[in-house]
Amino acid sequence: MAATTDAGVRPARARRRPHLPAWVGVTPFLGYVTVFLLWPVGIVVWTALHNTSGSWQLSSLSFLGQSQVRTAFVNTFELSLGSAVFGAVLGAVLAYAVATGNPDGAVRRVYTAASGVLAQFGGVTLAFAFLVLIGPIGLLLHATWYLSFPWGIGLIYGYFQVPLMVLVFVPALDGLKVQWREASENLGASAWQYWRHVGGPLLAPAFFGSLLLLFANALSAYATIQAWENQIPYVVPQ
């Protein structure tokens, strides 16, 4: 006879959960990486090492020795690194100003909303906006330095690099607890000692990770610099 509770109700039989391997949970992520990262990279590698008939060939690698290709890689590295460092430093300062303010204040909401919009503002529209404002016949400033490489286009890249840095670095600054600063001051540490031994090491991984993100963002940018094709040297994305 089946066991019952004091109220005369037969308890529900516990169902056995199927035992699944631990890697099943990351299957969607692995599928996403395969389709949008590994597959495109494989296509690029396969195309680079095969000719139009499908046979193996390495002659295409000889183009890497041409001066035009080397110049394109050097220009791309200079532009990406310069705009990434500029955006990371200035963006970190602005992110610190936002993070130390009122978390529910209007300033933070405005900064966050504006950064989200400006980080995606690029392409021909951005190039045209700078041309109208500070070009040779600009409305605000008649400048000719904007034609120089990489300073002119680097400034334009900073327009979306700085807001992107603000977006990705503010959460790291929010992770710094006020109690850590107070404890350092109670132990007699100066502001420099706090940032050198506590705040700096804690923020370093997030800062350099954001710097790498900005570098990759500038490395893959295409539409903005394509709009300036006649004024500046070619880069790899072109």
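Residues numbered from 1 in each chain as written. Predicted model: local features only at pLDDT ≥ 70, side-chain atom pairs only at ≥ 80, totals over all residues. Heavy atoms only, no water.

**Student:** I'd like a rundown of the pattern of salt bridges, residues and numbers included.
**Tutor:** Under the counting rule described, the total for this entry stands at 2 salt bridges. With its nearest N and O atoms 2.6 Å apart, the salt bridge here joins D174 to R108. Placement of D174 in helix α5 (residues 151–174) and of R108 in helix α3 (residues 106–118) is noted, with a sequence separation of 66 residues between them. D174 gets classed as partly exposed once you look at its relative accessible area, which sits at 38%. Look at R108 and you get buried, because its relative accessible area is 17%. Residues E185 and R181 are paired through a salt bridge, measuring 3.5 Å at the closest nitrogen-oxygen approach. Residue E185 and its partner R181 are both found in helix α6 (residues 178–186); the two are separated by 4 residues, about one turn of the helix. Residue classification places E185 among the partly exposed positions, given a relative accessible area of 48%. (Salt bridge = Lys/Arg side-chain N within 4 Å of Asp/Glu carboxyl O. Helix = DSSP H or I, 4+ residues; strand = E, 2+ residues; numbered from the N terminus. Buried < 20%, exposed > 50% of the residue type's maximum accessible area, 1.4 Å probe, protein only.)

**Student:** How would you summarise the packing of α5 against helix α7 (residues 191–220) if you had to cite specific residues and measurements?
**Tutor:** The contact between α5 and α7 brings their axes to 10 Å, and the two run at 155°. One element, α5, and the other, α7, form an angle in the roughly antiparallel class. Taken as a pair, α5 and α7 cross one another with a handedness that is right-handed. Mapping the contact onto sequence places Y157, F160, Q161, L164, M165, V168, F169, A172 and L173 in α5 and L203, A206, F207, S210, L213, L214, N217 and A218 in α7. (Axes fitted to C-alpha atoms, helices over the stretch in contact; angles between N-to-C directions. Parallel < 35°, antiparallel > 145°, perpendicular 65-115°, else oblique. Left-handed = near helix turned anticlockwise from the far one by under 90°. Contact = heavy atoms within 4.5 Å.)

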